[in-house]
Amino acid sequence: MRGDRHQFQAIIPVNPQKVAYTGSAAQSSAIQKHCSIIRIFPTTDCYIKISTAGTAATTSDIFCPAGIAEYFELLVDGPYIISAIRDTTSGTLHIVEGA
């Protein structure tokens, strides 16, 4: 604790994005090079792919359940592209870059 303030785990949020996904994979804008963590929040069940090459997501990639925020550490300088595809229902993937 610093002084009388409590510490807790958090990110400094920057550059929020919305990616609308359907039965065809959709991609985010490039994630900034200095970004070390991302938070994603899908509105429906979906699959995501995190890559530096902009590879399209498939149903063999990371499953993300609707309504649950997930955090992913980015270990290598990007830029990264996040791709998403629906499981059964189209939706929106909310992405927040963090430092």
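Right, let's walk through the structure included here. All figures in this text were calculated on a predicted structure; none of them were measured in a lab. In this numbering scheme, every chain counts its residues from 1 along its sequence in written order. For a predicted model such as this one, the threshold for reporting local features is a pLDDT of at least 70, and the threshold for listing and counting side-chain atom pairs is 80 or more; totals across whole chains, interfaces and linings nevertheless cover every residue. Side-chain numbers come from the whole structure's heavy atoms, not from hydrogens or water.

1. Some thoughts on the sheet that holds strand β6 (residues 70–73)
Consideration 1: Sheet architecture is open: four strands sit in the order β1-β8-β3-β6, paired in antiparallel fashion. Among the strands making up the open sheet, the edge pair consists of β1 (13–21) and β6. Neighbouring strand axes in the sheet, compared pairwise and without regard to direction, differ in orientation by 20 degrees on average.
Consideration 2: Pairing between β1 and strand β8 (residues 91–98): seven bridges, direction antiparallel. Residue pairing for β8: Tyr 21 is matched across the bridge by Gly 91. A pair of strands is treated as paired once DSSP finds two or more bridges between them. Each helix is a run of DSSP H or I of at least 4 residues and each strand a run of E of at least 2, with the numbering of both proceeding from the N terminus. Helix axes use the C-alpha atoms of the stretch in contact, all axes being lines fitted to C-alpha atoms, and the angles between their N-to-C directions lie in the range 0 to 180 degrees.

2. Looking at the sheet that holds strand β2 (residues 26–27)
Consideration 1: Pairing is antiparallel across the open sheet formed by four strands, whose spatial order is β2-β7-β4-β5. The outermost strands of the open sheet, each flanked by one partner alone, are β2 and β5 (62–64).
Consideration 2: With six bridges joining them, strand β4 (residues 46–51) and strand β7 (residues 81–86) adopt antiparallel strand pairing. Each residue of the ladder has a partner; that of Ser 51, found in β7, is Ile 81.

3. As for the state of the cysteines
Consideration 1: Here, the term disulfide refers to a pair of cysteine sulfur atoms separated by no more than 2.5 Å. Inspection of every chain in the model, using the stated rule, returns zero disulfides.
Consideration 2: Free of any disulfide, Cys 35 has its nearest cysteine sulfur in Cys 64, 16 Å distant.
Consideration 3: Cys 64 gets classed as buried once you look at its relative accessible area, which sits at 0%. Throughout, exposure labels follow a simple rule: accessible area from a 1.4 Å probe, protein chains only, divided by the maximum for the residue type, with under 20% read as buried, over 50% as exposed, and the rest as partly exposed.

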